[in-house]
Amino acid sequence: MTKYNGLSDDFYINVNLNTEMEIGQSRDAVLHYFETLRKLYPGLSHFYARDRGEYVLEEDKDSGSYRWSSVEPRRVCSGYVNPPTVEDAVSQHSKVLEALPFALSMSPLDCESLNFLVGFDYTFRGNHNELMAQALGVAPAFERMLEMPGSSLLHFEPAIQFALDSTCRTQCRVNIESRTAAYHVRTGEFPEDQLSVYLAVRRLGSLDPGESFVTTMQSLQEKCFKLLDDYVVESVLLPLQQAISIH
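Residues numbered from 1 in each chain as written. Predicted model: local features only at pLDDT ≥ 70, side-chain atom pairs only at ≥ 80, totals over all residues. Heavy atoms only, no water.

Here we look at the sheet that holds strand β3 (residues 54–58)
- Strands sit in the order β2-β3-β4-β5-β1-β6-β9-β8-β7 across an open sheet of nine strands; the sheet is antiparallel. The open sheet terminates on both sides in strands that have one partner only, identified here as β2 (46–50) and β7 (159–163). The mean angle between the axes of side-by-side strands here comes to 15°, regardless of whether they run parallel or antiparallel.
- Bridge count between β3 and strand β4 (residues 66–72): four bridges; the pairing is antiparallel. Counterpart to Leu57 in the pairing with β4 is Ser69.
- The strands touched by helix α3 (residues 128–136) are β6 (111–125), β8 (170–177) and β9 (192–204); relative to β9, the strand with the most contacts, the crossing angle is about 65°. (Pairing = 2+ DSSP bridges. Helix = DSSP H or I, 4+ residues; strand = E, 2+ residues; numbered from the N terminus. Axes fitted to C-alpha atoms, helices over the stretch in contact; angles between N-to-C directions. Contact = heavy atoms within 4.5 Å.)

Here's the deal with the packing of helix α1 (residues 27–40) against helix α2 (residues 86–103)
- Interhelical geometry of α1 versus α2 gives an angle of 145° and a closest axis separation of 10 Å. Crossing angle aside, the handedness with which α1 passes α2 is right-handed. Facing α1, whose interface residues are Ala29, His32, Tyr33, Thr36, Leu37 and Leu40, α2 presents Lys95, Val96, Ala99, Leu100 and Ala103.
- For the contact of α1 with α2, the per-class residue count stands at eight nonpolar, two polar and one charged. (Left-handed = near helix turned anticlockwise from the far one by under 90°. Nonpolar A, V, L, I, M, F, W, Y, C, P; charged D, E, K, R; others polar.)

As for unusual backbone geometry
- Unlike most non-glycine residues, Ser105 shows phi in positive territory, near 55°.
- Inspection of the secondary structure assignment puts Ser105 in the loop between α2 and β6.
- In this model, Cys168 sits at a positive phi of 65°, which is unusual for a non-glycine residue.
- Inspection of the secondary structure puts Cys168 in the loop between β7 and β8.
- What makes Cys168 partly exposed here is its relative accessible area of 41%. (Buried < 20%, exposed > 50% of the residue type's maximum accessible area, 1.4 Å probe, protein only.)

Next up, the structure:
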């Protein structure tokens, strides 16, 4: 397993390609795309449709490590949950991006955004918002509000987004998603649910001449893992892991 799997209960690497125009979703095109993937990864055998024209092909989830891909009207996604290595996931995403121009007639000109995302899920029974505030802290201006007698923290989902170049076409976003609702706080009944940390690096707009989906994704991947190793692991993931371990 990768060095990142031990930082959370589940770790995954996804790539999302969003388009300006609707993707041709004829029956033949969608099935041709998924058949192309299944030839590369025979374990991709579970095919189904969701609402709003979304089609999904995935491996069996029972092993805990599985691949998946989906096609929506204006987005194609590829994901690998708990990959054995980072390279395995990146190789899958590269093959998906290589197939898109031929299988679904997608052009680099029609790129609204290309996103490389790493995610971490923590299973925790309790108030996710309070856990995050304790592990990561809050802005000094808000600290005293948490000390108000009788108050309960209902919503705290830290997020930051910033540009990685002067044109703001390459951006990074780090956000944490709580699954705790007011009902859980009111009743004191907290289900065992996932607290999620997402780090995404995205490239906005059509690709430049000479660029491809694959080369752009590789550049985003390098930036993403450098940010992960230099900042997110030490400042976000480890404090959350430690806070959960003492509850």
